[in-house]
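What follows is the residue order along each chain.
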Amino acid sequence: MKKTLVSALTTALVVGAASTTFAAANPFEDVPADHWAYDAIAQLAADGVIEGYGDGTYRGDQEITRYEMAQMIKALIDKLAAEFADELNNLGVRVAALEKKVDNVKWQGMVRYRYINRHEEGAQENKTNNKNTNGLLLRLEPQMTINKNWTAKARIDYNRNTEMDDAKNYGGVANNKVDGFEVDRVWVEGKYSNFLIKLGKFNVKTAADFATTMDYRIAGAEAVIGKDVQVAVRGGRLNLKDSSAFAHGGNSAGPGTVAHYNAANGGETASYIGVEVYNDRAKKFNWGLGWQHVRGEFDIEANTGNLKGIGSNVNIFNVGLGYKFDKNVNLTGVYAFATGIENEDNGGAYDENKYKNTYAFQLNYKGADKAKKGSWGAFVAWRHLGDVATIHPTAKENGPMNGGEEGWEIGVHYTFAKNILGKAQFYSGKELASDMKVNAVWTELGFYF
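Residues numbered from 1 in each chain as written. Predicted model: local features only at pLDDT ≥ 70, side-chain atom pairs only at ≥ 80, totals over all residues. Heavy atoms only, no water.

1. A few points about the overall build of the protein
Consideration 1: A count of helices and strands for the protein gives 7 helices and 20 strands.
Consideration 2: By the burial criterion, 37% of the 449 residues in the protein qualify as buried.
Consideration 3: Put simply, of all contacts in the protein between residues at least 6 apart along the chain, 57% involve residues at least 24 apart.
Consideration 4: Only carbon and sulfur atoms are counted for the fraction: they give 56% of the accessible area of the protein, which is about 24600 Å². (Helix = DSSP H or I, 4+ residues; strand = E, 2+ residues; numbered from the N terminus. Buried < 20%, exposed > 50% of the residue type's maximum accessible area, 1.4 Å probe, protein only. Contact = heavy atoms within 4.5 Å. Areas by Shrake-Rupley, 256 points an atom, 1.4 Å probe, with all protein chains shown as cover.)

Below, the structure is given as structure tokens:
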């Protein structure tokens, strides 16, 4: 059985303890055999730790220099390293494996405060509707390496809709759901040369039109192939209730979003398919076109279904163009139109051009980088978001504007300190269904880690 590393160090460094039985022959003529340090000196010389002087003497009473001490220590380390090479190699492998396991899981996330004030004109004269959202969110986004090509990812939100005003501490379990806690997304992602695939519950941003048609999650699969020109194909299930799909802003009943579906007739879920072709977004000139399809339930004769008033097969054709004037200024334009809407005579309440068409323009200046203190950006946009030509637009996901509205929006983003990013956006417009005026202020302060 091999000696342990500790016992070897003890044997090598403790002088005077070794027996003469195991000592080597006397290598130095000036060290008498009856000297108390004879055994240790002879053994160290045999092991190559000490060499003495060229004339065969040891000169034991002479003080050693730092150079001589360094030489002896180096010789001792080399000897031990050679003797215990296998043990050290195994230890290195175990440490490396442990470090690799720790590095396999990486966490990032944010603490976000968001305040929104939405002011809507009421149905009655001199009557208005106001709603304030004053919410706090903790978001965790773990990323787990599976192998060199595959990664598992997730988004976990806590207190997503917490109102700061009530100061309530959400917690507990009811109906098999943790109150305030939501696994918003979880998926695996495979990356190869010019090919990307996602499987699970993940977010979809329509790249062709800069996420104007859709910025929301589905449960399904997506494949993207190409480099300078990319083709994306995706499909899965879309929750109509969670996404407020095909929705317009609040009406005389109050602020918010009114969805064009009836969950009691056909359920909350519909099928979704998307196909897009677009060029590299880093190019000076951007272009893209796509087709989005949502299949739900709609019984024309009974006038029921989860897509009541719209149609069971909605097709949205979307196109987008963008141009970068320089490193600071760029302009984007978007157009989309919907087909498959059931005729008005057969129950289709939104078979009109203002509902079936979407068009938008946005001018951007610079951009805030959360990792760079003092960086900032601003934009101004005009949008007409047709109710059935937008599924869940990014203007709603990351701003104050709902589908089924049109108007102007301006915004400013600023990085106060590294990983502390503030946003302020203002929207003024109207609802397409009622022509009622809407004003909204949307602010956010994010602390990223």
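Next comes the rest of the description.
2. Digging into the pairing of strand β17 (residues 376-385)
Side-chain positions along a regular strand alternate between the two faces of the sheet.
Consideration 1: Bridge count for strand β16 (residues 357-366) against β17 is 9 bridges, and the pairing is antiparallel. Looking at β17, one finds that Ala360 is bridged to Arg383. (Pairing = 2+ DSSP bridges.)

3. Some remarks on the pattern of salt bridges
Consideration 1: Tallied over the entire structure, the rule returns 21 salt bridges.
Consideration 2: The residue Glu222 makes a salt bridge to Lys198 at a minimum N-O spacing of 3.9 Å. Taken as a pair, Glu222 in strand β8 (residues 215-226) and Lys198 in strand β7 (residues 195-205) lie far apart in primary sequence, 24 residues in all.
Consideration 3: What makes Glu222 buried here is its relative accessible area of 10%.
Consideration 4: Judged by relative accessible area, Lys198 falls into the buried class, the value being 15%.
Consideration 5: One salt-bridge network, held together by shared partners, links Glu182, Asp184, Arg185, Arg217 and Asp242. (Salt bridge = Lys/Arg side-chain N within 4 Å of Asp/Glu carboxyl O.)

4. Focus: the nonpolar core
Consideration 1: With 26 residues, the main nonpolar core has Met214, Leu238, Phe246, Tyr272, Val388 and Ile391 as its most contacted residues.
Consideration 2: In this structure, Phe28, Val31, Tyr38 and Ile50 belong to the second largest nonpolar core, which totals 8 residues. (Core = buried A, V, L, I, M, F, W, Y, C linked by side-chain atoms within 4.5 Å.)

5. Comments concerning the packing of aromatic side chains
Consideration 1: Summed over all chains, the structure comprises 7 aromatic pairs.
Consideration 2: Ring pairing ties together the aromatic residues Phe317, Tyr335 and Phe337, which thus form one cluster.
Consideration 3: Between the NZ or CZ atom of Arg59 and the centre of the ring of Tyr53, over which it lies, the distance is 4.1 Å.
Consideration 4: One residue, Lys370, lies across the ring of Tyr448, its end atom 5.3 Å from the ring centre. (Phe/Tyr/Trp six-rings, centres within 6.5 Å; stacked < 30°, edge-to-face > 60°. Lys NZ or Arg CZ within 6 Å of the ring centre and 35° of its normal.)

6. A look at unusual backbone geometry
Consideration 1: Non-glycine residue Ala211 carries a positive phi angle of around 65 degrees.
Consideration 2: Considering the arrangement of structural elements, one finds Ala211 in the loop between β7 and β8.
Consideration 3: A positive phi angle, close to 70 degrees, is found at Asn419, a residue other than glycine.

7. Overview of helix α2 (residues 38-46)
Consideration 1: When α2 is considered as a whole, its buried residues turn out to be Tyr38, Asp39, Ala40, Ile41, Ala42 and Ala45.
Consideration 2: Of the residues trailing α2, Gly48 is marked for its positive phi of about 85 degrees.

8. Considering the pairing of strand β14 (residues 313-324)
Consideration 1: One ladder, built from 11 bridges, connects strand β13 (residues 285-295) with β14; its direction is antiparallel. From the neighbouring strand, Gly288 faces β14, where its bridge partner is Gly320.
Consideration 2: The hairpin turn running from β14 into strand β15 (residues 329-339), its antiparallel successor, is 4 residues long.

9. What to know about the confidence of the model for the protein
For any part of a model where pLDDT is low, the fine detail of the predicted coordinates should not be relied upon.
Consideration 1: Looking at the protein, pLDDT values average 83 and 80% of them are 70 or higher.
Consideration 2: Ranking the helices and strands of the protein by mean pLDDT puts β17 first, with 98, and helix α1 (residues 5-13) last, with 44.
Consideration 3: Overall, residues 1-23 carries pLDDT values under 50, and its contacts beyond four positions in sequence, including any with other chains, amount to 22 contacts. (pLDDT = per-residue confidence, 0-100.)

10. Quick notes on the side chain of Thr212
Consideration 1: Along the chain, the position of Thr212 falls in the loop between β7 and β8.
Consideration 2: When sequence neighbours within four positions are dropped, the list of residues in contact with Thr212 reads Thr206, Val334, Thr358, Leu385, Thr390, Pro393 and Thr394.

11. Some remarks on the environment of Thr151
Consideration 1: Mapping Thr151 onto the fold places it in strand β3 (residues 150-163).
Consideration 2: For Thr151, a relative accessible area of 15% corresponds to the buried category.
Consideration 3: Note: C-alpha distance between Thr151 and Gly190 (39 residues apart in sequence) is 6.5 Å.
Consideration 4: Apart from residues lying up to four places away in sequence, Thr151 is in contact with Gln143, Met144, Thr145, Ile146, Trp187, Val188 and Glu189.

12. A word on a nonpolar patch on the surface
Consideration 1: Taken together, the side chains of Phe285, Leu321, Tyr323, Phe325, Leu331, Leu363, Val380, Trp408, Ile410, Phe426 and Val441 define a hydrophobic patch exposed on the protein surface, amounting to about 980 Å² of accessible area.
Consideration 2: Listing elements by their share of the nonpolar patch, those giving two or more residues are β14 and β18 (405-417).
Consideration 3: Among the structural elements, Val380 can be located in strand β17.
Consideration 4: Accessibility expressed as a relative area gives 31% for Val380, which makes it partly exposed. (Patch = residues over 30% accessible without salt bridge, like charges linked within 9 Å, V, L, I, M, F, W, Y side chains within 5 Å.)

13. Looking at the environment of Val329
Consideration 1: Tracing the backbone shows Val329 in strand β15.
Consideration 2: For Val329, a relative accessible area of 23% translates into the label partly exposed.
Consideration 3: Residues Val329 and Leu363, 34 residues apart in the sequence, show an inter-C-alpha distance of 7.4 Å.
Consideration 4: Beyond its immediate sequence surroundings of up to four residues, Val329 is in contact with Tyr323, Lys324, Leu363, Asn364 and Tyr365.

14. Things to note about helix α3 (residues 66-83)
Consideration 1: Between the first and last C-alpha of α3 there are 26 Å, a value that for 18 residues agrees with the 26 Å anticipated at 1.5 Å per step.
Consideration 2: By the burial criterion, the buried members of α3 are Ala75, Leu76 and Leu80. For α3, the angular spread of buried residues about the axis comes to 130 degrees, placing them on one side. Exposed and oriented more than 90 degrees from the buried face of α3 are Arg66, Tyr67, Ile77 and Ala82. (Expected span 1.5 Å × (residues − 1). Arc of directions from axis to C-beta.)

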